[in-house]
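# Overview (structure and organization)
Now for the letters of each chain:
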Amino acid sequence: MITLGRFFQYLISPLAFLWEGFYRVRRFFYTYGYLGQNVFQVPIISIGNLTFGGTGKTPFTLWLSEFYARHDLKIMILMRGYRGKLEKSSGILRGGRKLGYNPFDYGDEPLLLARRLESASIVVGRNRSENLRYYFQQEKPDVVLLDDGHQHLKLYRDLNIVLFDALMPLDRYKVAPLGYMREGFTALKAADLVVIGRADQATRENIDELKQLVKNYAPPGTVFAEIGYRPSGIYNARSAKKQSTQSLQGQKVICLAAIASPVSFYALVESLGADIIERHTFPDHHYFSAEEVQEIVATAKERDAMVLTTEKDMVKLRRVSDDDSIHYLEINVVFLDGAKETEALLLKAAKR
């Protein structure tokens, strides 16, 4: 007997076939020169994925930028600036500034990177080839990072990094609308480095199954790495460190998140011993209103709790509230496997 769910899958399967076919033909045309790529005399490294967000590209881009900075290389990051006013044009942010930039202009992720990085330049705008051409002489970067770049084939890159989320169920790895993939596994033919994110929150069995699935499509010699996220402190709206993560033990917390994977954020907070009394989840890249925040803050004060959010969300929250009860959890990437191989590959790419 055919269930309603199975019948619906049969119904939308042709759409998934057409979706994947479009991306395969498009990639074929770029790979074999039927569609031209813009080539620049600077190493370009793409950080991307095959799914619709939520794989931790921003924390990994931050780690990557800091890695190259430690080797005295100047970084430029090309980002779309999703949902910012400059997405359809262009704009530049320079690292080291804690305040002054507006997330409504640039988007939330570029502001996060600008706050955390001391010397990188972050260029926003969806036409990343033209933006690189426009800003290159002005910035003269040693390495260019192409954020969310695996599908941005118009720009030639020297290294392709593809991220996966170890917590995503394997049955969701189907091309839309059947699953959560925007491009099929055949796109892994271009991968040089595969990074399995949130490996510290997944079981060994799940990680191994995901890696085996990816290895069926990735080219021989592809480097694999596993990463997790280590909390480094609790900060207020002015980016001042207020508490250590150990202080969350037994503390009442109201969590607030507008990211692609809020469940992983909640799990991280719980792993630190916090008592989460409420969870407020909003769509990814949501712009908070003052009324939304005031209501949550009022509840937190009534119940003697802390409002805890992500660093990306705090970029937007501080525009509508600077209440002392709102804090964010800062996290950093930590390698669980493949660190030496990854670093060697990155340094080799930078020497082109």
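Preceding this paragraph is the structure being described.
This report concerns the structure included in the present document. All residue numbers refer to position in the chain's written sequence, counted from 1. Local features are withheld for residues below a pLDDT of 70 in this predicted model, meaning they are given only at 70 or higher, and side-chain atom pairs are given and counted only at 80 or more; totals for whole chains, interfaces and linings count all residues. The basis for the side-chain values is all heavy atoms of the structure; hydrogens and waters are excluded.

### A look at the overall build of the protein
Put simply, DSSP marks the helices as runs of H or I at least four residues long and the strands as runs of E at least two long, and each gets a number from the N terminus on. Regarding its fold elements, the protein presents ten helices and 13 strands. Over its C-alpha trace the protein gives a radius of gyration of 21 Å, about what one expects of a compact globule, namely 20 Å for 352 residues. Projected onto its principal axes, the C-alpha coordinates of the protein cover approximately 65 × 60 × 40 Å. Note on classification: 1.4 Å probe, protein chains only; a residue is buried when its accessible area is under 20% of the maximum for its type, exposed when over 50%, partly exposed between these limits. Residues classed as buried in the protein amount to 54% of the 352 residues present. Two residues form a contact once any of their heavy atoms are found within 4.5 Å. Contacts spanning at least 24 positions in sequence make up 75% of the contacts within the protein whose residues lie at least 6 apart. Of the roughly 16500 Å² of accessible surface on the protein, 52% is carried by carbon and sulfur atoms. The charged-residue count follows a simple rule in which Lys and Arg add positive charge and Asp and Glu add negative charge, with His and chain termini not counted at all. Charged groups are reduced to one reference atom each: NZ for lysine, CZ for arginine, CG for aspartic acid, CD for glutamic acid. A distance of 6 Å separates the average location of the 46 positive side-chain charges in the protein from that of its 41 negative side-chain charges. Throughout, radius of gyration means the C-alpha value; the globule benchmark is 2.2 Å times the number of residues raised to the power 0.38. Calculation of accessible area relied on Shrake-Rupley with a 1.4 Å probe; when residues are assessed, cover is drawn exclusively from the protein chains displayed.

### Description of unusual backbone geometry
Note the cis peptide between A176 and P177, where omega equals 5°. If you trace the backbone, P177 turns up in the loop between strand 6 (159–165) and strand 7 (193–197). Of note, the phi angle at D148 is positive, near 50°, even though the residue is not glycine. Along the chain, D148 falls in the loop between strand 5 (143–147) and strand 6. We classify D148 as partly exposed; its relative accessible area is 24%. Notably, D304 is not glycine yet its phi reads approximately 55°, a positive angle. Inspection of the secondary structure assignment puts D304 in the loop between helix 8 (290–302) and strand 12 (306–310). The exposure class of D304 is exposed, given its relative accessible area of 65%.

### Some words on helix 4 (residues 108–116)
The buried count for helix 4 comes to nine of nine residues, which makes it a mostly enclosed element. Every buried residue belonging to helix 4 is among D108, E109, P110, L111, L112, L113, A114, R115 and R116, and all of these are buried.

### Things to note about the packing of helix 2 (residues 57–70) against helix 4
Between helix 2 and helix 4, the least distance of the axes is 11 Å, while the angle of their chain directions is 30°. With respect to helix 4, the element helix 2 is oriented roughly parallel. The handedness of the crossing between helix 2 and helix 4 comes out as right-handed. Between helix 2 and helix 4, the residues in contact are T58, T61, L62 and E66 and E109, L112, L113 and R116, respectively. Partitioned by chemical class, the residues of the contact of helix 2 with helix 4 number three nonpolar, two polar and three charged. Every axis corresponds to a line fitted to the C-alpha atoms, with the helix fit spanning only the stretch in contact, and the corresponding angles, defined between N-to-C directions, vary from 0 to 180 degrees. Oblique is the label for any angle not covered by the other classes, which are roughly parallel (under 35 degrees), roughly antiparallel (over 145) and roughly perpendicular (65 to 115). Crossings are classed by handedness, with left-handed meaning an anticlockwise turn of the near helix from the far one by less than a right angle and right-handed meaning a clockwise turn. Residue classes follow a fixed rule: Ala, Val, Leu, Ile, Met, Phe, Trp, Tyr, Cys and Pro count as nonpolar, while Asp, Glu, Lys and Arg count as charged, and any other residue, Gly among them, counts as polar.

### Structural notes on the pairing of strand 11 (residues 275–281)
Note on pairing: two strands pair once DSSP finds at least 2 bridges between them. Pairing analysis gives six bridges linking strand 10 (residues 252–257) to strand 11, with the strands arranged parallel. Across the sheet, A257 pairs through a bridge with T281, a residue of strand 11. Read from strand 10 through helix 7 (residues 262–271) to strand 11, the crossover connection turns out right-handed. Orienting the strands away from the viewer, one traces the path from the first strand over the helix to the second; a clockwise path indicates a right-handed crossover.

### Structural notes on the packing of aromatic side chains
Stacked, edge-to-face and tilted labels apply to pairs of Phe, Tyr and Trp rings (six-membered ring for Trp) whose centres lie within 6.5 Å, assigned for plane angles under 30 degrees, over 60, and everything in between, in that order. This model, assessed by the stated rule, comprises 19 aromatic pairs. Where F104 meets Y287, the ring centres are 4.6 Å apart and the plane angle is 20°; that geometry is what we call stacked. Taken as a pair, F104 in helix 3 (residues 103–106) and Y287 in the loop between strand 11 and helix 8 lie far apart in primary sequence, 183 residues in all. Ring geometry for F164 against Y173: centres 6.0 Å apart, planes inclined by 50°, an arrangement best described as tilted. Given the relative accessible area of 2%, F164 is considered buried. According to the relative accessible area criterion, Y173 is buried, its value standing at 8%.

### Here's the deal with the nonpolar core
Working definition of a nonpolar core: buried Ala, Val, Leu, Ile, Met, Phe, Trp, Tyr and Cys residues. They are joined through side-chain atoms within 4.5 Å. Judged by nonpolar contacts, the single largest core of 40 residues is most densely connected at I45, F60, L64, Y68, L145, I161 and L346. The element that contributes the greatest number of residues to this core is helix 2, accounting for six residues. Excluding residues within four positions of it along the chain, F60 makes contact with I47, I161, L163, V195, I227, V333 and F335. Formed by 20 residues, the second largest nonpolar core is a distinct cluster that contains L50, I196, V214 and A218.

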